[in-house]
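Observations on chain architecture
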Amino acid sequence: MKTILCIGAGYVGGPTMAMIAKKCPGYKITVADINPARIAAWQSEELPIYEPGLLELVKECRGKNLFFSTDVAAGIREADIIFVSVNTPTKTFGEGAGMAADLQYWEKVAREILANSDRDKIVVEKSTLPVRTAEAIARILNVPGSKVRFEILSNPEFLAEGTAIEDLEKPDRVLIGGNQTTEAGRRAVEELVAVYAHWVPRERILTTNVWSSELSKLVANAFLAQRISSVNSISALAEATEADVEEVARAIGMDSRIGPKFLRASVGFGGSCFQKDILNLVYICRHYGLHEVADYWHSVVKINDYQKSRFVGRILASMFNTIVGKRIAVFGFAFKANTGDTRETPAIAVCRKLLEERAALVVTDPAALPNAKKDLADFADRVAFEPDPYKAAAGAHALVFVTEWPQYQKLDFQRLYDSMAKPAFLFDGRNFLDHEKLFEIGFDVHPIGKPSLEHK
Ligand code: UDX
Ligand code: ADP
């Protein structure tokens, strides 16, 4: 039986290993993490992350060929293949602060792998890393004179939160980067291909060199984020000129060269990948003196920041330029629907700006309130957290929709309206509600990138 270890039991490591366990019953898979609370949660009925279908998948394999543990060292000793999916957040200090990836967790893991290995192993990068870091990792692991050899592979994960299980089950492609110039490198790539070939058609498994693989992950996210920033920039123009950004998106999306996906104008993109990966790309370009290229990609992040402040600007302008002391109910805090994840969610910027304007906030969300409390801890005395959307709306001057939770479309809006202060404002940061109907109920409705519906 082949043994796989994954170090880091987060949004990437947990679901990916659960899928490999299901599809590869002949492999023993252990997911290890230094955080005991996280490991305990993976062993319980309350998984540490909210992801549709994940609990069922984990329960199917847990205790059979899928195990969770805090003993990283023991896991390393018995593993043939080690996936590393620890966090690589943006650096907050020193050189490259706010841009470069913080690799301290990765380096710690590399040194731990080295200290606990007495035979050859394959080490797979599963977290996003800036290009050419695998080289540094290889230097830490392959110390001269050592009998143990490590093959370093890059295998970026393209799953999106909220649809992780579907994405893992039927990936558009699996990308494996390895050293194609040596026999050992090619063998390592084939070992990893064999894992995925249990359920992914061979023609969807791409093999490249390590650097191309790492770079592809950054570029895929940069391209996706760029589409959102492009359509969001047009939403500003649409609001100024009374065009409708959804009509524009539909019209351009029908051009098969452009395609319909990822053209939904919004309050801005969030999540742990897009901003971080673009900033990494920018940092790398600057490192190579490619300042024009760096500026080009940086503008995708700048438009995203602009979109978030523009949204709050519109709230302020519509509500008579003051929200001091007004109760504002924020509907949705997660960075997208079907996840409790709030990393880089536009809700953080929106709430902070509303609080700077001295609004009295109440935040509601079906899955993200525990994270929201942490994100707004410094404003604890001025924000209420309310799981019940009807209680959140009671007495509010405005409803601000930041996350497109499908259950919000089914709310009893008449009941919400009746309980609110008048005029009752509604800001739809996702263009996912029935604006005409809301207007008929009595709301003043402000969507993204289209004319407002106001009772003037
Ligand atoms: C993304 C990539 O899709 C995935 O391949 C990669 O592995 C990790 O990063 P994720 O961050 O989970 O996944 O979510 P995604 O669905 O891509 O959405 C990112 C953000 O963009 C969300 O805040 C979402 O609401 C927003 N978005 C998406 C829009 O505002 N408009 C769109 O049209 C699409
Ligand atoms: P991602 O979204 O990339 O999966 P997460 O932050 O959700 O990132 O998960 C990363 C996990 O890696 C965390 O649970 C963290 O505790 C774990 N981790 C960080 N450093 C180490 C380490 N040295 N050994 C084991 N686990 C680690």
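Preceding this paragraph is the structure being described.
Now for a quick tour of the structure.

Rules used in this analysis
Residues numbered from 1 in each chain as written. Chains lettered and ligands numbered in written order. Predicted model: local features only at pLDDT ≥ 70, side-chain atom pairs only at ≥ 80, totals over all residues. Heavy atoms only, no water. Helix = DSSP H or I, 4+ residues; strand = E, 2+ residues; numbered from the N terminus. Rg over C-alpha atoms; globule rule 2.2 N^0.38 Å. Buried < 20%, exposed > 50% of the residue type's maximum accessible area, 1.4 Å probe, protein only. Contact = heavy atoms within 4.5 Å. Areas by Shrake-Rupley, 256 points an atom, 1.4 Å probe, with all protein chains shown as cover. Lys, Arg positive; Asp, Glu negative; His and termini not counted. Charge placed at Lys NZ, Arg CZ, Asp CG, Glu CD. Disulfide = S-S within 2.5 Å. Near = heavy atom within 4 Å. Polar contact = N/O pair within 3.5 Å; in protein donor to acceptor, adjacent residues only side chain to side chain. Nonpolar A, V, L, I, M, F, W, Y, C, P; charged D, E, K, R; others polar. Expected span 1.5 Å × (residues − 1). Pairing = 2+ DSSP bridges. Axes fitted to C-alpha atoms, helices over the stretch in contact; angles between N-to-C directions. Right-handed = clockwise from strand over helix to strand, strands pointing away.

Overview of the overall build of the protein
Assigned secondary structure in the protein consists of 18 helices and 14 strands. Relative to the 2.2 N^0.38 estimate, which gives 23 Å for 456 residues, the radius of gyration of the protein is 24 Å and therefore close to what a compact globule would have. Principal axes of the C-alpha set define a box for the protein whose edges measure 80 × 50 × 45 Å. Sorting the 456 residues of the protein into buried and exposed places 54% on the buried side. Long-range contacts, defined as pairs at least 24 residues apart, comprise 72% of the intrachain contacts of the protein with a sequence gap of at least 6. In the structure as shown, the protein presents an accessible area of about 20,200 Å², 54% of it carried by carbon and sulfur atoms. Taken together, the 55 basic and 58 acidic charged side chains of the protein have centroids lying 2 Å from each other.

So, unusual backbone geometry
The residue after K422, namely P423, is reached through a cis peptide bond having omega -5°. Its place among the elements puts P423 in the loop between α17 (413-418) and β13 (425-428). Here the phi dihedral of F320 falls at roughly 65°; this positive angle occurs in a residue that is not glycine. For N431, which is not glycine, the phi torsion reads 50° and is therefore positive. As for its position among the elements, N431 is in the loop between β13 and α18 (435-441).

Side note on the state of the cysteines
A complete count under the given rule lists 0 disulfides for this structure. Free of any disulfide, C6 has its nearest neighbouring cysteine sulfur in C24, separated by 14 Å. Between C61, a free cysteine, and C24, which holds the nearest cysteine sulfur, the sulfur-to-sulfur gap is 10 Å. By relative accessible area, C61 is classed as buried at 4%.

A short note on the site of ligand 1
Residues in close proximity to ligand 1 total 20 residues, the closest being F158, E161, S266, F335 and R430. Measuring from an oxygen atom of ligand 1, one finds a side-chain N or O atom of S266 at 2.6 Å. At 2.7 Å, a backbone N or O of F335 approaches an oxygen atom of ligand 1. For ligand 1, whose free accessible area comes to 660 Å², the fraction covered by protein is 93%. With 4 residues, the top contributor of residues to the shell around ligand 1 is helix α9 (residues 210-241). A per-class count over the shell around ligand 1 returns 11 nonpolar, 3 polar and 6 charged.

A word on α9
For α9, built from 32 residues, the straight-helix expectation of 46 Å at 1.5 Å per residue is met to within 8% by its first-to-last C-alpha distance of 47 Å. Its side-chain oxygen placed 3.0 Å from the backbone nitrogen of W211, N209 serves as the N-cap of α9. Two residues or fewer past α9, E242 is found with a positive phi of approximately 65°.

Concerning the site of ligand 2
In the vicinity of ligand 2 there are 15 residues, among which Y11, V12, D33, R38 and R343 approach most closely. Interatomic distance of 3.4 Å between a backbone N/O atom of I34 and a nitrogen atom of ligand 2. Considering ligand 2 on its own, with 580 Å² of exposed area, one finds that the protein chains cover 88% of that surface. For the shell around ligand 2, a count of residues per class yields 7 nonpolar, 5 polar and 3 charged.

Details of the sheet that holds strand β12 (residues 398-401)
Here 6 strands make up an open sheet; going across it, the order is β11-β10-β9-β12-β13-β14 and the pairing parallel. What marks the edges here is a single partner per strand, and that holds for β11 (383-385) and β14 (444-446). The sheet shows a mean angle of 20° between the axes of neighbouring strands, direction not considered. Pairing analysis gives 4 bridges linking β12 to β13, with the strands arranged parallel. Opposite V400, over in β13, you have F427 as the bridge partner. Sheet strands touched by helix α12 (residues 291-318): β12, β13 and β14. Its angle to β13, the strand with the most contacts, is close to 165°. Contacting β9 (327-331), β10 (360-364) and β11, helix α13 (residues 346-356) runs over the sheet at an angle of about 160° to β10.

Details of the pairing of strand β5 (residues 121-125)
Working note: regular strand, side chains alternate between the two faces of the sheet. The buried count for β5 comes to 5 of 5 residues, which makes it a mostly enclosed element. Residues K121, V123 and E125 point to one face of β5 and I122 and V124 to the other, with burial holding for every one of them. Where strand β4 (residues 81-84) lies against β5, 4 bridges are found, and the strand directions are parallel. Each bridged residue has a counterpart across the sheet, and for I81 the counterpart in β5 is I122. For the crossover from β4 across helix α5 (residues 104-115) to β5, the handedness is right-handed. As paired elements, β5 and strand β6 (residues 150-154) share 5 bridges and run parallel to each other. Each bridged residue has a counterpart across the sheet, and for K121 the counterpart in β6 is F150. A crossover links β5 with its parallel partner β6, the connecting element being helix α6 (residues 133-141), and its sense is right-handed.

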